[in-house]
Amino acid sequence: MLLLLNRFSAWLSAFAVLLLTQPISTSEVMACGAAVDPPANIEITDPGFLGYLNIQWTRPASLQNLTGCTVRYQLRYYDTYEERWRSVRTVKLTYAAQFDLEKPVKLRILTVLKCACTNGTEIQGEETETVYTPEPTGLAGSRIRDFHCIYYGKEHMECTWKSGPVQPPNSEHYLYYWHREMEEAKECPEYFVPSNNQRGCRFPRQSLLEFSKFNMCVNGSSSAGSLRPAYFSIEIQNYVKPAVVSSLHVFETDGRLKLDWAPPIGQVPEHCLDYEVESSTLMANGKEQKQTEILENLDLDTSYELPREAESKKTCFHLRSKVNMYCADGGFWSDWSQTKCTEEKETEAKPTLNYRLLDLVMIGTAGVIIFCLSLWILIRICIKPCSKKDVIYTLYKQKVNETMPSIFSPIFK
């Protein structure tokens, strides 16, 4: 019986909790003397911060004299840079958010009410939507293109762009920027010209702010009128390009190759860098073997080892670095370092079948030549005495014929 009572008591408790957690309808809230109406007088204002807009509203008239309740507002706005809805809850009547002024500004807002007469349950009213579409200004087709920024070694940032398809004569471009520690937008501190069809702005380190929206606008003027503005919002820590690794050494110990280097110069912390090592090994047979490996620098290790191949002649290395995922959401690989190689290892070439056949042909040819030369010398040696004897006999006959009477001549004929 006691067990049954305990179970019945637990069931009653669970049922009571279930009743308390059930959502209260709007009609029940109205029975408490309040209706959950949406906020009133919604306004969007531009303070001149290049897309960082102020949103403000007022408390609905039905809740002006409400007591014993907590009123909150749930705001959702569409982030066109990341193409997703963002949501926030606040008890304030204002909120500021980043928008792309070249696209429609969309936001939705509703009232959230929590009262004692609703047993502490939050009641949501209907959501209302507001859309603000900025009017385009400037000459059509004159908007810049190929806007690109690089934060070099966290020491300075360069942003470059190209002129739009429509480029009236005597056109001039201007870049303005703003972040949350600035009271107003400012013009580019230093313009430069990378090439004939490019323009750029160089920012010193002291004018930058990391882990915050860095807003930029590029507009311009010309003899035909103003150029169409282009808006950009970035977080500069995601655009870092480290300097080139310059201190690189390679050596061999106990049949293993070891590569050592120092972190690149600049303001990028050592623990924020990952490395990519590329090795190229020349084998004794003339073939080349390549290997690439990404090194996560969690232990601040700036070395790399691998075994030396027995049939290798030399191995060359180069590497580059990039800010890792623990310090930024993106970034650029640095340029490759200079290539460092091990000393070339001499290897004995193994004779192949072609070389052996060539050797045999050469030996056989040499043997034939020697045999023929020996035979020729032997023949000359045998013929020479006979030839000499005939010459002496002929001379003797001529001498006798000159000195002896003609009677003896027939004897020597």
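What counts and what doesn't
- Residues numbered from 1 in each chain as written.
- Predicted model: local features only at pLDDT ≥ 70, side-chain atom pairs only at ≥ 80, totals over all residues.
- Heavy atoms only, no water.
- Helix = DSSP H or I, 4+ residues; strand = E, 2+ residues; numbered from the N terminus.
- Buried < 20%, exposed > 50% of the residue type's maximum accessible area, 1.4 Å probe, protein only.
- Contact = heavy atoms within 4.5 Å.
- Phe/Tyr/Trp six-rings, centres within 6.5 Å; stacked < 30°, edge-to-face > 60°.
- Core = buried A, V, L, I, M, F, W, Y, C linked by side-chain atoms within 4.5 Å.
- Salt bridge = Lys/Arg side-chain N within 4 Å of Asp/Glu carboxyl O.

## Quick look at the environment of Ser247
Relative to the elements of secondary structure, Ser247 occurs in the loop between strand S17 (240–241) and strand S18 (248–253). With a relative accessible area of 30%, Ser247 lands in the partly exposed category. Taking the C-alpha atoms as reference points, Ser247 and Ser337, 90 residues apart in sequence, are found 8.8 Å from one another. Once residues lying within four places of it in the same chain are set aside, the contact partners of Ser247 are Asp260, Trp261 and Ala262.

## Some details on the packing of aromatic side chains
Here the structure, examined in full by the defined rule, presents 13 aromatic pairs. Aromatic pair Phe147 and Phe232: ring centres 3.9 Å apart, planes at 10 degrees, arrangement stacked. Placement of Phe147 in strand S9 (residues 145–152) and of Phe232 in strand S16 (residues 225–234) is noted, with a sequence separation of 85 residues between them. Across this residue pair, the class does not change: Phe147 and Phe232 are buried.

## Regarding unusual backbone geometry
One non-glycine residue with positive phi stands out, namely Leu50, at about 60 degrees. Tracing the chain through its elements places Leu50 in the loop between strand S1 (40–45) and strand S2 (52–58). Its identity is not glycine, yet Asn170 carries a phi of approximately 60 degrees, on the positive side. For Asn170, the location among the structural elements is in the loop between strand S10 (156–162) and strand S11 (172–178). Here Asn170 falls in the exposed class, since its relative accessible area comes to 67%.

## Quick word on the nonpolar core
In this structure, Phe147, Met157, Leu175, Phe203, Phe214, Met216 and Trp261 are the most contacted members of the largest nonpolar core, which totals 66 residues. Here this core gets 5 residues from one element, more than from any other, and that element is strand S6 (residues 105–115). Filtering out sequence-adjacent residues up to four positions away, Met216 remains in contact with Leu50, Phe147, Cys149, Cys159, Leu175, Tyr176, Tyr177, Phe203, Ala230, Tyr231, Phe232 and Ile234.

## Description of the pattern of salt bridges
Overall, the coordinates contain 15 salt bridges when judged by the stated rule. Measuring nitrogen to oxygen at the nearest pair gives 2.9 Å for the salt bridge that ties Asp79 to Arg86. Given a relative accessible area of 5%, Asp79 falls into the buried group. Here Glu82 makes a salt bridge to Arg86, at a shortest N to O gap of 3.0 Å. According to the relative accessible area criterion, Arg86 is partly exposed, its value standing at 24%.

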